[in-house]
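So the chains spell out like this:
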Amino acid sequence: MIGLLLLAGAAQAEVLDLDKDIYQCTPDDMAPIWGSAGYSNALEAFRTNATTWSSTRFAEEKLLSHTEALDGEDGGVFAWQFDLSYNVARLPVYSKDAGAECPWEYRISERVIDMQAHNLGVAFRVGRVGAFYASSVTFGAPAQDPFSRGMLWSMGAPIYAFVPLMTAPLTGSFQNQIGASAYAQEYILGLSADLDVADLNVGYTRSRGLYASAFEKRLGLYGTLVLRDRLSTIGQAEAGLRRLTIADGAGATSLFGRALPLTESVDTDAADDQPGVIQQLLTGNVVQEGIGGYVDLDVAYAVSPEPLLHKALIAVHSVNFLENGGLRLQGGMVTLPRMAWYGVDGGRFPSVRADGDFRLLDGDADVLVNASLLYNDAEQLALYPFAENAISARFSMETVW
Amino acid sequence: MMLLTLLSGCAWLAPVDGDSPCEEAGYAIARRTFDCTADPELSNDRHDRFLESTECIPLTFDESGVVTSGPGANQGVLAEDTYHCAFLISELSCEAVDALGDDIAAWLEVSNACEYVIEVTK
């Protein structure tokens, strides 16, 4: 591990002249430049990270997807997920000590923002009723040098997050921000019921948010609603048809509409007279999974804020990836509208995603392990429009019984 | 974890472009417009007006951080002070934003720092 860190540092040194000793330009000596788009974006990224990658989303993706499949049988799932995003925003900073140990040319510089989200949860069903719990710890900060960055994100953050994840019901929900760094923790408690024709799930988050979803079993109709900020804001809304098989070999068809908070202003002292502004990205989505067993198509057209082809992606994968796991590689393009208030010109971006999904099945307790690497992921760019060329890594593990 | 470690070697720090204080002022106009009006089209339009009616004066500074370019050259203005333009724009009240409207030159009168990095051409 240490060798890898040194290798990363050496690679960096080739790009940036080490004679300048930029390793002396530490975050401790720098201050973010208020009023810049980068500072505003960083604050917004932290808020989005805390709310979107919160317990509700994790519970839906990693817990309820399993309990909904139990169909009246007893069972449950325990899941853990770690998500790390590099270069989410670029923060202009000035270093008051530049010229001493830090090169004077770096008095004004841009430091990238990294963020992580860490989740832990459990869900179970006894007969037709069940419960679920999920917690989240999110953290974001300006990147340090490669060595410190590697130590923090690959070792420190995953370790320290476990305690607050497990004790969230005792320590509560809160968000804290100092300068351009932020920490937040949150949890959700919920109940689920299998009404034979449909599954219902309702959860309440400690930060006074609400999660509700329903999944109709015969056709696959479903709807999901997340309210946050004391039930005043739609954090996510989605409704449609999930994985309907029309013909053998054609794969499973999903059709749905989705609203995601594309942009959200961050209140400043001067803006107290105005609530934060939220603009929803409204999309119509068509997803065809498992064409011929090997190919997926994912297309979304944005209706708002301006009509455009939001994404067009194609993936090839191991046979019957949905059912059996394996390897999956996705590529295509993502389009975003111009958003000058973020310093974003908009346009088309290449998008690449690689997934490895491995399953240890023994009948009593199956273990599912997933690792993903994402570059300009469509959902990431929708949530963080200023995160051009951001790279994310995601790891999860689920034990299903 | 090995992957995370290697990704940590990606660029994390770079000097800013000389036009940065000027560009930030334009973005601040767009952002305050969006914050106060919730109108993305108006926000983008005002940024277009900013680009059409101004030219950026590239920022250069010496080893002490003193600005060496434009109207503020060698007057003791520090490099970071040139961002005061964007900062004060981003602090404008919504009443002020309404009053300034599409008059970009008026927006740029909020701080003396604006004239150090931005030249109004129209």
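Below is a summary of the structure that appears in this document. Worth saying up front: this structure is predicted, and the values here are computed from it rather than measured. (Residues numbered from 1 in each chain as written. Chains lettered and ligands numbered in written order. Predicted model: local features only at pLDDT ≥ 70, side-chain atom pairs only at ≥ 80, totals over all residues. Heavy atoms only, no water.)

### Some words on the overall build of chain A
Stage number 1. For chain A, the helix and strand inventory stands at seven helices and 18 strands.
Stage number 2. For 401 residues, the compact-globule estimate of 2.2 N^0.38 gives 21 Å, and chain A sits close to it at 22 Å.
Stage number 3. Principal axes of the C-alpha set define a box for chain A whose edges measure 70 × 45 × 45 Å.
Stage number 4. Per-residue burial over chain A gives 55% buried out of 401 residues.
Stage number 5. For chain A, long-range pairs separated by at least 24 residues make up 57% of all intrachain contacts whose partners lie at least 6 apart in sequence.
Stage number 6. Carbon together with sulfur atoms contributes 61% to the accessible area of chain A, which is approximately 16,600 Å² in total.
Stage number 7. On chain A, the mean spot of the 27 positive side-chain charges and the mean spot of the 48 negative ones are 4 Å from each other. (Helix = DSSP H or I, 4+ residues; strand = E, 2+ residues; numbered from the N terminus. Rg over C-alpha atoms; globule rule 2.2 N^0.38 Å. Buried < 20%, exposed > 50% of the residue type's maximum accessible area, 1.4 Å probe, protein only. Contact = heavy atoms within 4.5 Å. Areas by Shrake-Rupley, 256 points an atom, 1.4 Å probe, with all protein chains shown as cover. Lys, Arg positive; Asp, Glu negative; His and termini not counted. Charge placed at Lys NZ, Arg CZ, Asp CG, Glu CD.)

### Describing a nonpolar patch on the surface
All names here are of chain A.
Stage number 1. Together, Leu-255, Leu-282, Val-286, Val-299, Tyr-301, Val-303 and Leu-309 make up an exposed nonpolar region whose accessible area comes to about 560 Å².
Stage number 2. Per-element accounting of the nonpolar patch gives the leading share, three residues, to strand 13 (residues 295-304).
Stage number 3. Relative to the assigned elements, Val-299 resides in strand 13. (Patch = residues over 30% accessible without salt bridge, like charges linked within 9 Å, V, L, I, M, F, W, Y side chains within 5 Å. Salt bridge = Lys/Arg side-chain N within 4 Å of Asp/Glu carboxyl O.)

### Concerning the packing of helix 2 (residues 20-37) of chain B against helix 3 (residues 40-53) of chain B
Residues and elements named next belong to chain B.
Stage number 1. As a packed pair, helix 2 and helix 3 sit with axes 8 Å apart at the nearest point and diverge in direction by 155 degrees. In terms of their interaxial angle, helix 2 and helix 3 are classed as roughly antiparallel. Taken as a pair, helix 2 and helix 3 cross one another with a handedness that is right-handed. Between helix 2 and helix 3, the contacting residues are Cys-22, Ala-25, Gly-26, Tyr-27, Ile-29, Ala-30, Arg-31, Thr-33, Phe-34 and Thr-37 on the first element and Pro-40, Leu-42, Ser-43, Arg-46, His-47 and Phe-50 on the second. (Axes fitted to C-alpha atoms, helices over the stretch in contact; angles between N-to-C directions. Parallel < 35°, antiparallel > 145°, perpendicular 65-115°, else oblique. Left-handed = near helix turned anticlockwise from the far one by under 90°.)

### Points about the state of the cysteines
Stage number 1. On inspection of all chains with the given rule, the structure shows four disulfides over all chains.
Stage number 2. A sulfur-sulfur distance of 1.9 Å marks the disulfide that ties Cys25(A) to Cys102(A). Of note, the bridge from Cys25(A) to Cys102(A) carries an S-S torsion of about 90 degrees and is right-handed in sense. Taken together, the positions of Cys25(A) in the loop between helix 1 (2-15) and strand 1 (30-32) and Cys102(A) in the loop between strand 2 (75-95) and strand 3 (108-126) put the pair 77 residues apart, joining distant regions of the chain.
Stage number 3. A relative accessible area of 2% places Cys102(A) in the buried class.
Stage number 4. Between the sulfur atoms of Cys85(B) and its disulfide partner Cys114(B) the distance amounts to 2.1 Å. Its S-S torsion of about 95 degrees marks the bond between Cys85(B) and Cys114(B) as right-handed, since a negative value means left-handed. A residue pair is termed long-range when its members are at least 10 positions apart, and Cys85(B) in helix 4 (residues 84-90) and Cys114(B) in helix 7 (residues 113-117) qualify at 29 residues.
Stage number 5. The class for Cys85(B) is buried, based on a relative accessible area of 0%.
Stage number 6. Residue classification places Cys114(B) among the buried residues on the basis of a relative accessible area of 1%. (Disulfide = S-S within 2.5 Å.)

### Notes on helix 3 of chain B
Stage number 1. The end-to-end C-alpha distance of helix 3 of chain B is 20 Å, a good match for the 20 Å that 14 residues give at a rise of 1.5 Å each.
Stage number 2. Looking at the packing, one finds that the buried side of helix 3 of chain B touches helix 2, strand 2 (54-56), helix 5 (94-100), helix 6 (104-107) and strand 3 (118-120) of chain B. (Expected span 1.5 Å × (residues − 1).)

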